[in-house]
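Residue strings, one per chain:
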Amino acid sequence: MVQIHCSEIVGADCIIIHPNWWGQPPAILKGCVDRVLREKIAYTFAEDDDGSGLPIGLMKAKAPVVFNNSNTPEERENNVFGDPLERIWKDCIFDFCGVTNYRRKMFRTIADSSEEERRNWLDEVKDIICFNFPHIDA
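In every chain, residue numbers begin from 1 and rise along the written sequence. Per-residue local features of the predicted model are confined to residues with pLDDT of at least 70, and side-chain atom pairs are confined, for both listing and counting, to 80 or more; whole-chain, interface and lining totals are unaffected and use all residues. Excluding hydrogens and water, the side-chain values take into account all heavy atoms of the structure.

**Q** When you look at the nonpolar core in this model, what are you seeing that I'm missing?
**A** It is characteristic of soluble globular proteins that their nonpolar side chains tend to be buried jointly. Counting residues in hydrophobic clusters, the biggest one holds 23 residues, and the most contacted among them are Ile9, Leu37, Met59, Trp89 and Phe94. Starting at the N terminus, helices and strands are each numbered in turn, a helix being any DSSP run of H or I of at least four residues and a strand any DSSP run of E of at least two. When residues of this core are traced back to their parent elements, those giving at least two are α1 (2-9), α2 (27-36) and α4 (84-94). In this text, buried Ala, Val, Leu, Ile, Met, Phe, Trp, Tyr and Cys residues form a nonpolar core when linked through side-chain atoms within 4.5 Å. Burial classes: relative accessible area under 20% of the type maximum marks a residue as buried, over 50% as exposed, and values in between as partly exposed (1.4 Å probe, protein chains only).

**Q** Is there a simple way to think about the pairing of strand β4 (residues 65-70) in this case?
**A** As a general feature of sheets, a regular strand has side chains that alternate between the two faces. When you tally the buried positions in β4, you get five out of six residues, the bulk of the element. In this structure, strand β1 (residues 15-19) lies alongside β4, joined through five bridges in parallel fashion. When the sheet's bridge partners are listed, Pro19 is paired in β4 with Asn69. At least two bridges found by DSSP between two strands are what make those strands a pair. Pairing geometry for β4 and strand β5 (residues 103-108), over six bridges, is parallel. Within the sheet, the bridge partner assigned to Val65 lies in β5 and is Arg103.

**Q** I'm lost on α4 in this one. Help?
**A** Within an α-helix, residues lying three or four positions from one another point in the same direction, as the helix has 3.6 residues per turn. All of the buried residues along α4 are Leu85, Trp89, Ile93 and Phe94. Looking straight down α4, one finds that the buried residues subtend no more than 75 degrees of arc, so they occupy a single side. Whether two residues are in contact is decided by their heavy atoms: any pair within 4.5 Å suffices. As for α4, its buried residues are in contact with β1, α2, β4 and β5. Think of it as the arc spanned by the lines of direction from the helix axis to the C-beta atoms.

**Q** Just to check I follow, could you spell out the environment of Arg118 for this structure?
**A** Summarising the element assignment, Arg118 is placed in helix α5 (residues 115-132). Between the C-alpha atom of Arg118 and that of Phe107, which follows or precedes it by eleven residues, the distance is 8.8 Å.

**Q** How should the environment of Val2 be read in this particular structure?
**A** Mapped onto the secondary structure, Val2 falls in helix α1. We classify Val2 as partly exposed; its relative accessible area is 27%. Not counting chain neighbours up to four residues away, the residues in contact with Val2 comprise Arg35, Val36 and Arg38.

**Q** Would you take a moment to explain the pattern of salt bridges for this structure?
**A** Think of it this way: side chains of opposite charge can pair up when their charged atoms draw near. For this analysis, a salt bridge means a side-chain nitrogen from Lys or Arg found within 4 Å of a carboxyl oxygen belonging to Asp or Glu. Per the stated rule, a full pass over the model turns up nine salt bridges. For Asp95, the salt bridge goes to Lys90, with nearest N and O atoms at 3.6 Å. For Asp95, a relative accessible area of 34% corresponds to the partly exposed category. As a salt-bridge pair, Arg119 and Glu115 come within 2.9 Å of each other at their nearest N and O atoms.

The structure is reproduced here in structure tokens:
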């Protein structure tokens with residue numbers, strides 16, 4: 001199964017949806033990233049590089065979008081934690097794998113959100129998907 005995901009990820013348009021779990025993606029998604037976005041699939045190094053140099057990204061995602069939800073207020077997320085999900089997806093994963101046109105949207109705070117807010121969030125997700133993936137009928 002991992003081989004199938006490895007072959008699919010190389011040319012995929014990415015959409016990733018996950019909650020903020022202690023400033024990280026859930027463990028099952030982290031495990032998938034570790035197994036699928038690996039050397040010679042998502043990135044490589046120059047032939048004379050032992051892996052300590054700069055990676056050469058191999059992913060061709062045209063419009064990767066990450067949707068997150070959280071119960072941490074934005075000010076606290078940014079000022080206390082430094083927005084770890086932004087660092088993980090933008091700097092540690094997508095940039096490393098050669099994808100620079102990344103977009104992320106965080107919906108918060110979930111615990112005290114109203115039904116109307118959640119409906120508006122779903123409409124916003126639909127708008128973002130339609131804009132970034134016009135070939136998808138959302």
